[in-house]
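Chain by chain, the residues:
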Amino acid sequence: MRGRLWRTSNPALPEKDRERLVNELMEARRAVGVALKSGDETAEKAARAGVHAAKVALGERGPVWWDDGAPDQNRKLAKNSTYADWWATVEGPPAQ
């Protein structure tokens, strides 16, 4: 997304757990929107904490779920990562 690397969910999660966590994530994201529209900072903070918790449980944030020693490059620009050579070959990368 816009040239950034984003960690994928842990592929070892059982499908039932992954579905539940994705539903929790979507519910928390909707709660963030509701809180923003209403101007409720307390609700927004709680909703954002729910988003974070779901992302950690999915493996998209927090401790890495892989064990091959590869570094976590979550949120890094692809052009500034170990994937830079590959990124340069991708047709039409977004201008930075």
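Here the structure is shown first, and the text comes after it.
Definitions and limits used
Residues numbered from 1 in each chain as written. Predicted model: local features only at pLDDT ≥ 70, side-chain atom pairs only at ≥ 80, totals over all residues. Heavy atoms only, no water. Axes fitted to C-alpha atoms, helices over the stretch in contact; angles between N-to-C directions. Helix = DSSP H or I, 4+ residues; strand = E, 2+ residues; numbered from the N terminus. Parallel < 35°, antiparallel > 145°, perpendicular 65-115°, else oblique. Left-handed = near helix turned anticlockwise from the far one by under 90°. Contact = heavy atoms within 4.5 Å. Nonpolar A, V, L, I, M, F, W, Y, C, P; charged D, E, K, R; others polar. Phe/Tyr/Trp six-rings, centres within 6.5 Å; stacked < 30°, edge-to-face > 60°. Buried < 20%, exposed > 50% of the residue type's maximum accessible area, 1.4 Å probe, protein only.

Participant: How do you make sense of the packing of helix H1 (residues 15-38) against helix H2 (residues 41-58) when you look at a structure like this?
Facilitator: Each pair of packed helices can be described by the angle between their axes along with the distance between the axes. Relative to each other, H1 and H2 sit at 160°, their axes nearing to 8 Å. The angle between H1 and H2 places the two elements in the roughly antiparallel class. Seen along the crossing, H1 lies across H2 with a hand that is left-handed. Residues Arg18, Leu21, Val22, Glu24, Leu25, Ala28, Arg29, Ala31, Val32, Ala35 and Leu36 of H1 form the contact with H2, whose own contacting residues are Ala43, Glu44, Ala47, Arg48, Gly50, Val51, Ala54, Lys55, Ala57 and Leu58. Here the residues of the contact of H1 with H2 are counted per class, giving 14 nonpolar, 1 polar and 6 charged.

Participant: How should I be thinking about the packing of aromatic side chains in this particular structure?
Facilitator: When we look at a pair of aromatic rings, we describe it by the centre distance and by the angle of the planes. Under the definition given, this model contains 2 aromatic pairs. With a centroid separation of 5.1 Å and an interplanar angle of 90°, the aromatic rings of Trp65 and Trp66 are classed as edge-to-face. On the basis of relative accessible area, Trp65 is assigned to the partly exposed category, the value being 29%. Relative to Trp87, the ring of Trp86 lies with its centre 5.7 Å away and its plane at 55°, an arrangement referred to as tilted. You can call Trp86 partly exposed: its relative accessible area is 48%. On the accessibility criterion, Trp87 (18% relative accessible area) is buried.

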